[in-house]
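So you can see what is in the structure, the chains are spelled out below.
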Amino acid sequence: MQNPRINRGFFIYFEVVKRIAVFTSGGDAPGMNACIRAVVRASVHFNLEVFGIHGGYQGMIENDIHPMSASSVANIIQYGGTILKTARSKDFMSPEGRKKAYENLQSHGIEGLVCIGGNGTYTGAMKFYEEFGIPAVGCPGTIDNDLAGTDYTIGYDTAINTAMDAIDKIRDTADAHNRVFFIEVMGRHSGHIALNAGIAGGAEGIFIPEKENEFEEIMKFYEQKSRTKQFSIFVVAEGEQEGHAFDIAKKFQSKFPDCDSRVTVLGHIQRGGKPTANDRILASRLGAHAVKALTEGIKGVAVGIINNEVVFTPFQQAIYDKKDINQKLWIMNDILTR
Ligand code: F6P
């Protein structure tokens, strides 16, 4: 007989898998713990046995795989980082490494995976399914917000709030000294953090990899403004084509030798800290729906939320489709900063 808990509203029970595992992989992101919690608690709800793999794909190869229960995820929702640890595994890129990982999963009777991470995480899960047929559902976890198939990734909201907070603080000292600051934020290949933290922080100019030759354009307006405004804030995405914040500051200094400029690279501070409410809620929804999908036989997909609806996107598409920045925001920001 079916567990009566299972038939309540949200969850319909298909029982395709009985034993699953969850892991985090790639760069950590605030909210990953909330997602792990949701995966474990939803598994309990569905009467599935759930295991935690420590250290991502590397942990799978090293058999660092342990049973989890509802109580193993108590009191973690408020913390950044990931209780399961994370890694970027070189060994998993080799067929031998993946074979070892498969054998270890088999030895635990694991029939499905929930992987939390970014592009590399999805690529690993896709390859693993192709080779060994282990069904996987991905939850987008990266502060960069650069994954297709979801409006927002886990950790992004916290990261932009952290960056905005830092910009506010730098603004005080910039104002006090009449200085120009170039603040570098993360975003290896994308400008989502820079654009949104820049808007929230009232930056005079934003440099992102999705746009070309911003320097001349931004400086044209800076020149006009600097007659009335003594200090300025510029936000630079780590992946900006014209160079890092130090390169842009150097270019600026040679154009305006009388200005006093400084550079702040925010770095990994953006990856840590208490996840915001938005990230916790997003992570909880994604984790719960990833497990639900596995019980329904859905696999090879990333779960996401678009326009507040849960959607599933094939790994292939989530990996290769480019999530563009919001062009309307870019144009609006241009108007607001002039
Ligand atoms: O992928 C997220 C990210 O935060 C990038 O923006 C950044 O380039 C990268 O991780 C740095 O990661 P790590 O220092 O862990 O290699």
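Residues numbered from 1 in each chain as written. Predicted model: local features only at pLDDT ≥ 70, side-chain atom pairs only at ≥ 80, totals over all residues. Heavy atoms only, no water.

**Description of the sheet that holds strand β6 (residues 180-185)**
Pairing is parallel in the open sheet, where four strands are placed in the order β7-β8-β6-β9. Of all strands in the sheet, those with a lone pairing partner are β7 (205-207) and β9 (261-265), marking the two edges. Each neighbouring strand pair of the sheet contributes to a mean axis angle of 20 degrees, computed without reference to strand direction. Contacting β6, β8 (232-237) and β9, helix α5 (residues 156-177) runs over the sheet at an angle of about 165 degrees to β6. Against the sheet, helix α7 (residues 214-225) engages β6, β7 and β8, with an angle of about 170 degrees to β7. (Pairing = 2+ DSSP bridges. Helix = DSSP H or I, 4+ residues; strand = E, 2+ residues; numbered from the N terminus. Axes fitted to C-alpha atoms, helices over the stretch in contact; angles between N-to-C directions. Contact = heavy atoms within 4.5 Å.)

**Quick notes on the pairing of strand β1 (residues 19-24)**
Where burial is concerned, most of β1 is hidden: five out of the six residues are buried. Direction of pairing for β1 relative to strand β2 (residues 49-53): parallel, over a ladder of four bridges. Of the residues in β2, the one forming a bridge with I20 is V50. In this fold, β1 hands off to helix α1 (residues 32-45), which returns the chain to β2; that crossover is right-handed. Sheet analysis places β1 next to strand β4 (residues 112-117), joined by five bridges and oriented parallel. Across the sheet, residue V22 finds its bridge partner in β4, namely V114. (Buried < 20%, exposed > 50% of the residue type's maximum accessible area, 1.4 Å probe, protein only. Right-handed = clockwise from strand over helix to strand, strands pointing away.)

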